[in-house]
Amino acid sequence: MTNLRVGDLVEVLSEAEILATLDEKGELDSLPFMPEMARFCGQRMTVHKVAHKVCDTIGHGRMRRMERAVHLTGARCDGQGHGGCQTACSLYFKEAWVRKVEPDTSHREPARDPRLLPLLEINSRKAPGPEGAERFSCQATELHRAAPTCLPLKDVRQYVADVRTGNTGVLVTLRGLFFAAFNRYQKISKRLLPRWLWIRGGLAWGWVPGGAAGSTPTGTLDLQPGELVRIKPKAEILRTLNQDRLNRGLGFEEEMARHCGRTARVVARVERCLDERTGEMLRMKNPCIALEEVVCGGVYSVNCPREFVPFWREIWLERINES
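Residues numbered from 1 in each chain as written. Predicted model: local features only at pLDDT ≥ 70, side-chain atom pairs only at ≥ 80, totals over all residues. Heavy atoms only, no water.

Glancing now at the sheet that holds strand 5 (residues 53–55). Reading across from one edge, 5-6-12 is the order of the 3 strands in this open sheet, with antiparallel pairing throughout. Here the strands that pair on one side only, and so sit at the sheet edges, are strand 5 and strand 12 (149–150). Sheet topology places strand 6 (residues 63–65) next to strand 12; 2 bridges connect them, and they run antiparallel. Residue pairing for strand 12: arginine 65 is matched across the bridge by threonine 149. (Pairing = 2+ DSSP bridges. Helix = DSSP H or I, 4+ residues; strand = E, 2+ residues; numbered from the N terminus.)

This is the structure in structure tokens:
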């Protein structure tokens, strides 16, 4: 567990100091220091969340333990070192890559090291796929190596850490534990109990059922960055989903339903993102929308601090005419 807390002021180490912590793969404890992170070297930033756990988006959604890492405010991957990936993941910084500083201390000019970036760029590529497709390596694709241990729901140390580090307060932590326990019961009840004993059809808290079988509708608004939109009511969005809660391959989940009715600005049209399982670039036939300051809060995943940026179909949004 890191000794840092939310709100602490830290200074990202210089390129030379970072390089001294990395192995020949550009990693520390199997976590890559990526090319997109080099621009933060020498900067002073605040701890946004302590990344002592992470939800597994490669496997089956279980929580995994991360050792001595933090997320820093405003530090998201811009994808420039990974083929222009637009997932905008929140970056992991190992405790060894930052130093805690006081606001009134002097800020020295960081030492540059021309060896760092070439090492990171070489290791951001994997061997080509079976058909020669370009493949990438990043913190998301290497999650299982960087966080190899599963974190059981019953491990109370994670909840103590949430409160101690300032990730969440006591009430929010208890709320997250309740949702997790309820959802665990729902899964068990669907497997062992007759249907008439299921609570709300066995749905997870947040109540996002599957839709009808067959193809799903589409909608085009040609939204551009900077435009203001409103996320449609959940009932309208549910009518656009198939039985697997997908609209043309894009999922709509309980965490996204929490934002229904909210207004936000478009920050990007998302056309490509990395497949975390293979490292291959996925190119979307129909661009998705990323919204400013709309992130996964981890409410239904025991307060995971990862804060993913969800992608939205244009049919789930409505343009707001500011004039």
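Mapped onto the elements, threonine 173 comes out in helix 5 (residues 170–192). In this structure the side chain of threonine 173 is engaged in a polar contact, spanning 2.8 Å, whose partner is the backbone oxygen of glycine 169. With residues near it in sequence (within four places) discarded, threonine 173 still touches Tyr159, Asp162, Val163, Thr168 and Asn303. (Polar contact = N/O pair within 3.5 Å; in protein donor to acceptor, adjacent residues only side chain to side chain. Contact = heavy atoms within 4.5 Å.)

A few words now on unusual backbone geometry. Even without being a glycine, serine 30 presents a positive backbone phi close to 70°. Inspection of the secondary structure assignment puts serine 30 in the loop between strand 2 (27–28) and strand 3 (31–32). Although it is not a glycine, arginine 248 sits at a positive phi angle of roughly 50°. Topologically, arginine 248 is positioned in the loop between strand 14 (246–247) and strand 15 (250–251).

Among the nonpolar cores identified, the biggest contains 69 residues, and Phe33, Leu72, Phe93, Phe252, Leu291, Trp312 and Trp316 are the most heavily contacted of them. Contacts of leucine 291, omitting those with residues within four sequence positions, involve Val229, Ile231, Ala264, Arg265, Val266, Val267, Trp312 and Leu317. Formed by 9 residues, the second largest nonpolar core is a distinct cluster that contains Leu151, Tyr159, Ala180 and Val302. (Core = buried A, V, L, I, M, F, W, Y, C linked by side-chain atoms within 4.5 Å. Buried < 20%, exposed > 50% of the residue type's maximum accessible area, 1.4 Å probe, protein only.)

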